[in-house]
Amino acid sequence: MITKTIEDNIIIATIENGKYNSITLEALRALKGMIDEVNNTEEIKGLILTGAGGFFSSGFDLPMFLGYKDVKSVVGFFEEEEPILLDYFTCKKPVVCAMNGHTAAMGMILAMASDYRIVVNKPKVKVGMSEIKIGLPLAPVMNEVMRFGLDTDKKFRDVMYFGNMMSPDAAKEMGLVDEIVEPDQLISRAKEIVKMWIDTPGRPFIAMKYMLKSESADRIRTDLATKPWREGFECFFHKDVRGALEFTHMMMTAK
């Protein structure tokens, strides 16, 4: 689930789902409601996405995926998830990701879809994208979000093709995060960024963000409508990929 609190007229969305804060469809629907509230409520200044406990998010909920019996079910999930991710990416007001701990997979994608990424200064925290090691591709919105956030094709290659998990310092050097702060400063710093960007005469941030992201958003909508991206999710039922998902789930539940 994703819970909502409001502080200083900023919505703080907190991912809360077990130790790893895995993301379900219900959580995404809740996030969609918060995005709509930010967009449509004048006094709301922006959105902060964070997690409970020691994880920001490990990504999508593996039992959910393992429970799907056919490709149609998997595709149905992504047909709902992708527009929600696009809405998050194009939210009118500032969106700051406050990464309170380990971040991977869809957790990392949500971070990259945000306007600013802050991670806590903890030596054991790791962030990154390891999908290639499990055998999973990205849907169109996910792929474009990572390309937009990583800025260059080389950074995209190095993050996505190697699939390494990185320390906060390495992630900052690579461009996965913008800032590293002490844990007790995480939310306060995130609120500072939201206020700094939106609390100006006429709120020009909104127009600037639209112009910055509109080309990518238009390309995403075209890809969703015209490209055969749904066929790629047959991989969820390949023997090796299924085995990798089951093994990952087993290791996570054993810890």
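Scroll up to find the structure.
Conventions adopted
Residues numbered from 1 in each chain as written. Predicted model: local features only at pLDDT ≥ 70, side-chain atom pairs only at ≥ 80, totals over all residues. Heavy atoms only, no water. Helix = DSSP H or I, 4+ residues; strand = E, 2+ residues; numbered from the N terminus. Rg over C-alpha atoms; globule rule 2.2 N^0.38 Å. Buried < 20%, exposed > 50% of the residue type's maximum accessible area, 1.4 Å probe, protein only. Expected span 1.5 Å × (residues − 1). Arc of directions from axis to C-beta. Core = buried A, V, L, I, M, F, W, Y, C linked by side-chain atoms within 4.5 Å. Contact = heavy atoms within 4.5 Å. Pairing = 2+ DSSP bridges. Axes fitted to C-alpha atoms, helices over the stretch in contact; angles between N-to-C directions. Phe/Tyr/Trp six-rings, centres within 6.5 Å; stacked < 30°, edge-to-face > 60°. Parallel < 35°, antiparallel > 145°, perpendicular 65-115°, else oblique. Left-handed = near helix turned anticlockwise from the far one by under 90°.

Trainee: What is the right way to read the overall build of the protein chain from this model?
Mentor: Each helix and strand counted, the protein chain has 11 helices and 10 strands in total. Computed over C-alpha atoms, the radius of gyration of the protein chain comes to 17 Å, within 12% of the 18 Å expected from 2.2 N^0.38 for 255 residues, which places it in the range of a compact globule. In terms of principal-axis extent, the alpha carbons of the protein chain reach across some 55 × 45 × 35 Å. Across the 255 residues in the protein chain, those meeting the buried criterion constitute 51%.

Trainee: Help me out: how do you make sense of helix 9 (residues 186-198) in this one?
Mentor: In an α-helix there are 3.6 residues to a turn, and that puts residues three or four apart on one side. Under the 1.5 Å per step criterion, the end-to-end length of helix 9 is 19 Å for 13 residues, consistent within 8% with the ideal 18 Å. All of the buried residues in helix 9 are Leu 186, Ala 190, Lys 191, Ile 193, Val 194 and Ile 198. Around the axis of helix 9, the buried residues are gathered within 155° of arc, so they sit on the same side.

Trainee: Explain the nonpolar core here, please?
Mentor: Within soluble globular proteins, side chains that are nonpolar generally end up buried alongside one another. Residues Phe 60 and Phe 78 are the most contacted members of the largest nonpolar core, which totals 83 residues. A per-element tally of this core places helix 3 (residues 71-89) first, with 9 residues. For Phe 78, the residues in contact, after removing those within four places along its chain, are Phe 60, Phe 65, Pro 83, Ala 139, Met 142, Trp 229, Phe 233 and Phe 236.

Trainee: Can you walk me through the sheet that holds strand 4 (residues 55-57) in this structure?
Mentor: Adjacent strands of a sheet pair through backbone hydrogen bonds, lying either parallel or antiparallel. Read from one edge to the other, the open sheet built from 4 strands follows the order 4-6-8-9, with strand pairing classed as mixed. With one partner strand each, in any of the chains shown, strand 4 and strand 9 (165-166) form the two edges of the open sheet. Two strands pair when backbone bridges link them, and strand 4 and strand 6 (residues 102-104) are joined in this way by 2 bridges, in the parallel orientation. Note that in strand 6 the partner of Ser 57 across the bridge is Thr 103. Packed on one face of the sheet, helix 4 (residues 106-113) meets strand 4, strand 6 and strand 8 (127-128) and runs near 90° to strand 6.

Trainee: What is the right way to look at the side chain of Ser 58 in this model?
Mentor: Along the chain, Ser 58 falls in the loop between strand 4 and helix 2 (62-67). Residue class for Ser 58 comes out buried when judged on its relative accessible area of 18%. Contacts of Ser 58, omitting those with residues within four sequence positions, involve Tyr 20, Asn 21, Ser 22, Ala 104, Ala 105 and Met 252.

Trainee: Got a minute to help me understand the packing of aromatic side chains in this structure?
Mentor: Two aromatic rings, taken as a pair, are described by how far apart their centres are and by the angle between their planes. The final tally for this structure, using the stated rule, is 18 aromatic pairs. Both rings, one in Phe 156 and one in Tyr 161, keep their centres 6.4 Å apart while their planes meet at 80°; by these two values the pair is edge-to-face. On the basis of relative accessibility, which here comes to 11%, the residue Phe 156 falls in the buried class. Through pairs of rings, three or more aromatic residues link up here, namely Phe 60, Phe 65, Tyr 68, Phe 77, Phe 78, Trp 229, Phe 233 and Phe 236.

Trainee: Looking at this structure, how should I read the sheet that holds strand 7 (residues 116-120)?
Mentor: Pairing within the open sheet is mixed, and its 6 strands lie in the order 1-2-3-5-7-10. Both outer strands of the open sheet, strand 1 (2-7) and strand 10 (179-181), are each paired with one neighbouring strand and no more. Shown here is a sheet whose adjacent strand axes are inclined to one another by a mean of 25°, direction ignored. Strand direction decides the pairing type here: strand 5 (residues 95-99) and strand 7, joined by 4 bridges, are parallel. In the strand pairing of strand 7, Cys 97 is matched with Arg 117. Lying on the sheet, helix 9 is in contact with strand 1, strand 2 (10-15), strand 3 (46-51), strand 5, strand 7 and strand 10; it crosses strand 3 at an angle near 160°.

Trainee: How do you make sense of the packing of helix 6 (residues 140-150) against helix 7 (residues 153-160) when you look at a structure like this?
Mentor: Axes are the key here: two packed helices are described by the angle between their axes and the distance separating the axes. At their nearest, the axes of helix 6 and helix 7 sit 8 Å apart, and the two run at 120° to each other. In terms of their interaxial angle, helix 6 and helix 7 are classed as oblique. Note on packing geometry: the crossing formed by helix 6 with helix 7 is right-handed. Here Asn 143, Met 146, Arg 147 and Leu 150 of helix 6 come into contact with helix 7, specifically with Asp 153, Lys 155, Phe 156, Val 159 and Met 160.

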